[in-house]
Amino acid sequence: MNKIVLKKQFSEKVYLFEIEAPLIAKSRKAGNFIIVRVGENGERVPLTIADADIERGTITIVVQKVGLSSTKLCSLNEGDYITDVVGPLGNPTHIENFGTVVCAGGGVGVAPMLPIIRALKAAGNRVLSVIAGRSKDLVILEDEVRQSSDELIIMTDDGSYGEKGVVTVGIEKFINQEEHVDKVLAIGPPIMMKFSCLMAQKYNIPVEVSLNTIMVDGTGMCGACRLSIGGKTKFVCIDGPEFDGALVDWDEMFKRMGTFRDAEREEMEHYEEHLCGIERKEETKGCATCMDVEPTNETITIEQLTDRDAEWRKELRAAMKPAERKAIERVQMPELDPVYRATTRTEEVNKGLTKEMAVREAHRCLDCGKPACVEGCPVNINIPSFIKNIERGQFLAAAKVLKNTSALPAVCGRVCPQEKQCESKCIHLKMNEPAVAIGYLERFAADFERESGNIAIPDMAPKNGIKVAVVGSGPSGLSFAGDMVKKGYEVHVFEALHEIGGVLKYGIPEFRLPNRIVDVEIENLKKMGVIFTTDCIIGKTITTDQLEAEGFKGIFVGSGAGLPNFMGIKGENALNIMSSNEYLTRVNLMDAANPLADTPINIGKHVLVVGGGNTAMDSCRTAKRLGGDVTLVYRRSEAEMPARLEEVKHAKEEGINFLTLHNPIEYIADEKGAVKAAVLQVMELGEPDASGRCKPVPVEGKTVTIEVDQVIVAVGVSPNPLVPNSIKGLELGRKNTIAVNEQMQSSRPEIFAGGDIVRGGATVILAMGDGRRAAATMDERLKG
């Protein structure tokens, strides 16, 4: 929460706010912006920083009421608090002594131009400023601009103040009066920036513009701000926000600005409801568990619960012959009816096992002397021990065993690909029988503990007074944090978003992983002593050097792979073509499908989802729940799909159309720039490639065209360069991954990393395994 210490009204719709944000004030530079969110249902909105006062610990922004979010912000007063302010973001303006520079600001664009004018003047430039507004009342910050300018021209459309005319008239006047102009910078309405570019180009003068008006998230994770710059697709928030104006595809820019115009207009019609912030969430139904088993005595140690030679364990093995255990059929997970579940976003598809089902399935475990299932688990859960505790009815003891090595058992029991990991090593498979349902049992034990109200804290070592930092609150960061706090460290987790959980919150739908489950796991970590800080971007808000100066002895980077991949095909920048990151973030994290949430979303009627992984399944099943007729297109056959078999099964049951051996090669847009059709190349399978899967090969001359009004691209993600590029001396790997050794240690010995930022893409459990390995190694290093 950030307090408003000053509010000043310039005109009917333009306001200045001074906001308490000491860390941002200290680290911001000219050209940086922030992301602001007003209210728990608020949208993430980019606003450029107009000024900062390090001594007061404040930043200044200028806001114009143009839509729902800006209107809500402008309704706040001095003493009120803004829910979230995160930054500084974007690349700062490149400042040097260019010579003579014309700085043009139109409307509220004068505000972000002001710090640039000051910085250019401080660098020794001759600064000629043009500021403009439709009328005298809309000319802002005149005194401040004049103070740092060698000359100032004021333009108004109606001639009520200064000279009559538009910004370009003032720019040309300066160009003609000066012997030489070295550079022009223009910030304001996009149409003004376009014509400023054309004016400068007429005189062969380079011009830079700021394009932050089309940004959504601001951290690079969604890809909504992608734009053609010099014929190449750029992400404005990561590659900009300032660009050579001559290279900008302005027509594409204007169209992208209108992506959510209809949705935003509809939201403004219900402004009062949004202002009240009323939440109408669907009722979440869960599996209620009754306590009818005597809980395990809390004084019993983890050693007693995991000792294979304990008397209770020997008695269990002797109670049934292996042949009897093998004769038990594998349990089937109860599920919601497919027709019904395709209408609800928050009800979980898998309903969970009953106690009777769990105990019966636990009897299938042969309690192997050398359990291969443990080797298949990236976090080395003592699988036979937790299952045997379930078998004897000691469900809380089973949860205690799980939590001894896993920070997120309820999460892993739901989303981890057990069939490719622990269950793939089960001895039953060697006997041509189904593996023990380890994942189902893990979920059962974690859910039982939560619903019983008897949530235990793992054994904790005495506090050692050593501080360690964690960058990112996704699976790898949370796993690392859990292990380190148990070892006695003071653990601080820094999260860029306003919610803790990373991909667990923004990437996985609630019908697969309810937020309430993630929240309980995070609350457990808080009870253990982990300290969480949201809205803080390491490398921007705080640098790693600052962390070390504040006494942090070790840093773990688990910032994920938040940069969406696109295919680079013709028409891909058309409206309503979005990354799975953007789509799922809008629906999952920002609750955009809720009519009373501020974040807009366009609901597709004919939706195409591109990809074959779990994220593609999440996207197409989400689109189905929002009412779309959904087709999943994948370039290989179904047998090569990397998605979990369970997710494919669920998608088919819910009515998703599967179109395999097809691949998009072009998108066709309508007159408004919105996608209306997709051209698909028919494929066939060739020889296996490096991944071991058969390589898809185009069938020459064979394509099909289908009508679509929304496309969700789920073809993978790349590591976001924001964090790695901000750490000096850090060796990077392929595609800006952080290079680490087998112990997850980077080229800087005090910095470790894991998860997607190292692997480029990882499952939840693999990321958690990285976190555990890093914790073990960092602990050895810090304790000497």
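Each remark here, short or long, concerns the structure printed above.
The text that follows walks through the structure, step by step, so that each part is easy to find.

Criteria and thresholds
- Residues numbered from 1 in each chain as written.
- Predicted model: local features only at pLDDT ≥ 70, side-chain atom pairs only at ≥ 80, totals over all residues.
- Heavy atoms only, no water.
- Helix = DSSP H or I, 4+ residues; strand = E, 2+ residues; numbered from the N terminus.
- Rg over C-alpha atoms; globule rule 2.2 N^0.38 Å.
- Buried < 20%, exposed > 50% of the residue type's maximum accessible area, 1.4 Å probe, protein only.
- Contact = heavy atoms within 4.5 Å.
- Areas by Shrake-Rupley, 256 points an atom, 1.4 Å probe, with all protein chains shown as cover.
- Phe/Tyr/Trp six-rings, centres within 6.5 Å; stacked < 30°, edge-to-face > 60°.
- Lys NZ or Arg CZ within 6 Å of the ring centre and 35° of its normal.
- Pairing = 2+ DSSP bridges.
- Right-handed = clockwise from strand over helix to strand, strands pointing away.

### Comments concerning the overall build of the protein
Point 1. What the protein contains, in helices and strands, is 30 helices and 32 strands.
Point 2. In terms of overall dimensions, the protein is globule-like: its C-alpha atoms have a radius of gyration of 28 Å, near the 28 Å expected for 784 residues.
Point 3. On the principal axes, the C-alpha backbone points of the protein span a range of 100 × 65 × 50 Å.
Point 4. Burial analysis of the protein (784 residues in total) assigns 58% to the buried set.
Point 5. Across the protein, the fraction of contacts at a sequence separation of at least 24, relative to all contacts at a separation of at least 6, is 70%.
Point 6. When the accessible area of the protein is evaluated, it comes to approximately 31,600 Å², of which 49% is carbon and sulfur surface.

### Digging into the packing of aromatic side chains
Point 1. The tally for this structure, following the rule as stated, stands at eight aromatic pairs.
Point 2. Taken together, a centroid distance of 6.5 Å and an interplanar angle of 35 degrees make the contact between Tyr 15 and Phe 17 tilted. We note that Tyr 15, like Phe 17, is buried.
Point 3. An aromatic cluster is built from Phe 395, Phe 444 and Phe 448, whose rings are joined through pairwise contacts.
Point 4. A cation over an aromatic ring shows up here: Lys 652 above the ring of Phe 658, its NZ or CZ 5.4 Å from the ring centre.

### Observations regarding the pairing of strand β9 (residues 100-106)
Point 1. Within β9, seven of the seven residues are buried, which leaves it mostly tucked inside the rest of the structure.
Point 2. Of the two faces of β9, the one carrying Thr 100, Val 102, Ala 104 and Gly 106 and the one carrying Val 101, Cys 103 and Gly 105 are both buried.
Point 3. Bridge analysis of β9 against strand β10 (residues 126-133) gives seven bridges, and the strand direction is parallel. Following the sheet pairing, Val 101 is matched in β10 by Val 127.
Point 4. As a crossover connection, the stretch from β9 through helix α3 (residues 110-122) into β10 is right-handed.
Point 5. Strand direction decides the pairing type here: β9 and strand β13 (residues 183-187), joined by five bridges, are parallel. Bridge pairing in β13 places Val 102 opposite Val 184.

### Focus: the side chain of Lys 403
Point 1. Among the structural elements, Lys 403 can be located in helix α18 (residues 395-405).
Point 2. With residues up to four places along the chain from it excluded, the contact list for Lys 403 reads Pro 409, Glu 449, Ile 455, Ala 456, Pro 458, Lys 486 and Asn 524.

### Some words on the sheet that holds strand β17 (residues 242-244)
Point 1. Taking strand neighbours across the sheet as the criterion, the seven strands line up as β12-β11-β10-β9-β13-β14-β17 in an open arrangement whose pairing is mixed. Pairing within the sheet leaves two strands with one partner each, and these edge strands are β12 (163-164) and β17.
Point 2. In the sheet, strand β11 (residues 151-156) pairs with β12 via two bridges, with the strands oriented parallel. In the sheet register, Thr 156 faces β12, and the bridge partner there is Lys 164.

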